[in-house]
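Now for the letters of each chain:
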Amino acid sequence: MTQDELKQAVARAAIEYVVDGEIIGVGTGSTANFFIDELAKIKHRIKGAVASSEATAARLRGHGIEVFDLNDVASIAVYVDGADEITAAGAMIKGGGAALTREKIVASVSGQFVCIADGSKLVETLGQFPLPVEVLPMARAAVSRRLGALGGQPRLRLKAGSDEAFVTDNGAVIVDVLGLAIADPVALEREINQIVGVIAVGLFAGRGADVCLLGTADGVRTLTF
């Protein structure tokens, strides 16, 4: 099976976790896009969705799914999103799509977090995928120095094919930290969050996934945490 076929398989499997009559939290990225396409097939069963990015909101609306502002929503039954890496304990690195802050906010208020990913995303130790950190632009250099002192190699994320900084939906920049082997993701998440100028770090460990649906050549594997 191709990687896209694996992503599509877990997106279909995630529909089983959708709660009828409720508002669904939806993540950002290629795997989340497959889930949105599947969600569109049962849109009559849900009230609508809260999106973790402008791109996700546009895709949901394109399918005729109502998008709610989180401030107008009392509760979210389930949040479905992908991961760049995930461990057997449910800790994740997310933010390859630069939506980590909004993803973290929506996940934090959701009753259940369902991660959908192809099997290659399951790792023993987080850090092979560069760790994204969303930063206020004026603090980029200062934060980068602090991140370097933690043992990583910080690198400003640039727009594709450009030497200009990539700007998030929040008007911030992303510093990707390479070369980390994250033995204690909860502690590192807490430490980076304390750096002045950091908006959010792409470690989802304090609030990790509750369920992970992994696409494999032998079918969808379910991990619960």
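Heads up: the structure comes first, above all this text.
Quick caveat: nothing in here was measured; it's all calculated off a predicted structure. (Residues numbered from 1 in each chain as written. Predicted model: local features only at pLDDT ≥ 70, side-chain atom pairs only at ≥ 80, totals over all residues. Heavy atoms only, no water.)

### Regarding the packing of aromatic side chains
Then step 1. In the structure shown here, the tally under the stated rule is one aromatic pair.
Then step 2. Above the ring of F204, the side-chain terminus of K94 is found at 5.5 Å from the ring centroid.
Then step 3. The ring centre of F204 lies 4.9 Å from the NZ or CZ of K104, which sits over that ring. (Phe/Tyr/Trp six-rings, centres within 6.5 Å; stacked < 30°, edge-to-face > 60°. Lys NZ or Arg CZ within 6 Å of the ring centre and 35° of its normal.)

### Things to note about the sheet that holds strand 3 (residues 76-81)
Then step 1. Strand order in the open sheet formed by six strands is 2-1-3-6-12-13, and the pairing between neighbours is mixed. At either end of the open sheet lies a strand with only one pairing partner, and these are strand 2 (48-51) and strand 13 (219-224). The sheet shows a mean angle of 25° between the axes of neighbouring strands, direction not considered.
Then step 2. Pairing analysis gives six bridges linking strand 12 (residues 211-216) to strand 13, with the strands arranged antiparallel. Paired with V211 across the bridge in strand 13 is T224.
Then step 3. Here helix 3 (residues 54-62) sits on the sheet and contacts strand 1 (23-26) and strand 2; the angle it forms with strand 2, its principal contact strand, is near 160°. (Pairing = 2+ DSSP bridges. Helix = DSSP H or I, 4+ residues; strand = E, 2+ residues; numbered from the N terminus. Axes fitted to C-alpha atoms, helices over the stretch in contact; angles between N-to-C directions. Contact = heavy atoms within 4.5 Å.)

### Let's talk about the packing of helix 1 (residues 3-14) against helix 2 (residues 30-40)
Then step 1. With their axes 8 Å apart at the nearest point, helix 1 and helix 2 run at an angle of 50° to one another. What the angle tells us is that helix 1 and helix 2 run oblique. Judged by the twist between their axes, the crossing of helix 1 over helix 2 is right-handed. Contact residues: D4, K7, Q8, V10, A11, R12 and A14 in helix 1; S30, T31, F34, F35 and E38 in helix 2. (Parallel < 35°, antiparallel > 145°, perpendicular 65-115°, else oblique. Left-handed = near helix turned anticlockwise from the far one by under 90°.)

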